[in-house]
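Next come the chains, spelled out residue by residue.
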Amino acid sequence: HLKGEVTIVDDRIIVSTVGQDGKPTPNIKDTKHGEATMFVGAQVDDWNVVVAKQTMNQQELEDWIRRSANSLHLNSKTPFMFKIEGMLQNVDIHVINGACPMHSRLHKKTLSKAKLPYEGTFKTLTARVVGVYASDSVGSLTHPDTSIHSHLIFSNDEGNELTAHLEQFSIAEGTKLFLPKKLKVSR
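To keep things clear, this report deals only with the structure shown in the data block. (Residues numbered from 1 in each chain as written. Predicted model: local features only at pLDDT ≥ 70, side-chain atom pairs only at ≥ 80, totals over all residues. Heavy atoms only, no water.)

## Quick word on the overall build of the protein
The secondary structure content of the protein amounts to 2 helices and 11 strands. Reading the protein from its N terminus to its C terminus gives the helix and strand order β-β-β-β-β-α-β-α-β-β-β-β-β. In the protein, which comprises 187 residues, the proportion classed as buried is 44%. Counted over contacts in the protein with a minimum sequence separation of 6, partners at least 24 positions apart contribute 73%. Within the structure as shown, the protein displays about 10700 Å² of accessible surface, and the carbon and sulfur contribution to it stands at 48%. (Helix = DSSP H or I, 4+ residues; strand = E, 2+ residues; numbered from the N terminus. Buried < 20%, exposed > 50% of the residue type's maximum accessible area, 1.4 Å probe, protein only. Contact = heavy atoms within 4.5 Å. Areas by Shrake-Rupley, 256 points an atom, 1.4 Å probe, with all protein chains shown as cover.)

Below is the structure:
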């Protein structure tokens with residue numbers, strides 16, 4: 001059905017769908033019986049924390065994640081989960097509402113009004129990111145031209161916790177990257 005985005009972090013399930021007004025809305029009614037088209041997860045008991053020494057665009061961030069993982073003796077050729085906390089910049093997100101807008105743009109397809117996603121852009125945003133780094137899975141776990149699939153966790157103006165798929169983003173200096181101390185990934 002491709003209706004909404006799901007993120008699980010710290011034993012919490014966060015589900016967002018597109019409301020009648022076209023904005024993301026929390027969906028807390030039936031999180032135990034929902035379905036997901038794709039699920040990638042890991043149980044991470046302990047994290048390594050690396051702090052960004054500079055602002056980075058997404059390509060620089062992906063390179064930094066890979067280099068940081070390798071320096072911590074994680075195999076960057078094996079998918080692994082990561083988290084980011086801090087200031088994000090130039091953020092583009094979406095919440096699916098029947099079809100993936102990135103896939104539609106790539107294949108030059110127009111979405112019907114009933115399938116229009118929520119798409120948002122933020123100049124700056126303090127938030128959390130949960131993602132998977134998977135350099136070997138471009139086009140299956142990740143979209144083309146990226147080695148990460150990541151979701152944003154943020155609050156809307158009403159204080160509701162929401163999640164969305166991150167299409168593009170940069171990070172500010174001082175942002176924290178969390179990498180697992182041990183790998184246990186499920187696909």
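## Some thoughts on the side chain of Q58
Within the secondary structure, Q58 is located in helix α1 (residues 58-71). When neighbours within four sequence positions are excluded, Q58 is seen to be in contact with T146, I148, E167, Q168, F169 and S170.

## Thoughts on the packing of aromatic side chains
On inspection of all chains with the given rule, the structure shows 3 aromatic pairs. With a centroid separation of 5.2 Å and an interplanar angle of 20°, the aromatic rings of F80 and Y133 are classed as stacked. Here Y133 lies in strand β7 (residues 118-133) and F80 lies in strand β6 (residues 80-95), a separation of 53 residues in the sequence. Residue classification places Y133 among the buried residues on the basis of a relative accessible area of 4%. One residue, K83, lies across the ring of F178, its end atom 5.2 Å from the ring centre. (Phe/Tyr/Trp six-rings, centres within 6.5 Å; stacked < 30°, edge-to-face > 60°. Lys NZ or Arg CZ within 6 Å of the ring centre and 35° of its normal.)

## Notes on unusual backbone geometry
Positioned with a positive phi, D10 is a non-glycine residue whose angle comes to about 50°. Looking at the element boundaries, D10 is found in the loop between β1 (5-9) and β2 (12-18). Look at D10 and you get partly exposed, because its relative accessible area is 48%. With a phi angle near 50°, N90 is a residue other than glycine that sits in the positive phi range. A relative accessible area of 40% places N90 in the partly exposed class.

## Topic: the environment of Y133
Y133 sits 57 residues away from S76 along the chain, and the two C-alpha atoms are 7.8 Å apart. Those residues in contact with Y133 that lie beyond four places of it in its chain are E62, I65, R66, S76, T78, P79, F80, F82, S147 and I148.

## What to know about the layout of surface pockets
Within this model, the second largest pocket holds a volume of roughly 250 Å³. Looking at the second largest pocket, the residues that line it are D21, K23, P24, T25, Y118, F122, F154, S155, N156, D157 and E158. Listing elements by their share of the lining of the second largest pocket, those giving two or more residues are β3 (24-26), β7 and β8 (148-155). The class makeup of the residues in the lining of the second largest pocket is 4 nonpolar, 3 polar and 4 charged. (1 Å grid on protein atoms, 1.4 Å probe; cavity = no way out; pocket = protein on both sides within 12 Å on 5 of 7 lines; lining within 4 Å. Points joined across faces, edges and corners; volume = space filled by probe spheres on them. Nonpolar A, V, L, I, M, F, W, Y, C, P; charged D, E, K, R; others polar.)

## Quick look at α1
Taking 1.5 Å of rise per residue, the 14 residues of α1 would be expected to cover 20 Å, and the 20 Å separating its terminal C-alpha atoms lies within 8% of that figure. The backbone nitrogen of Q59 lies 3.1 Å from a side-chain oxygen of the residue at the head of α1, namely N57. (Expected span 1.5 Å × (residues − 1). Polar contact = N/O pair within 3.5 Å; in protein donor to acceptor, adjacent residues only side chain to side chain.)

## Regarding the sheet that holds β2
One open sheet holds the 3 strands; their spatial order is β1-β2-β3, and the pairing between them is antiparallel. Looking at which strands have only one partner, the edges of the open sheet turn out to be β1 and β3. Strand-to-strand twist of the sheet, defined as the mean angle between neighbouring strand axes without regard to direction, takes the value 25°. Pairing analysis gives 3 bridges linking β2 to β3, with the strands arranged antiparallel. When the bridges of β3 are listed, V18 appears paired with P24. (Pairing = 2+ DSSP bridges. Axes fitted to C-alpha atoms, helices over the stretch in contact; angles between N-to-C directions.)

Remember that the coordinates give geometry; whether it matters functionally is a separate question.
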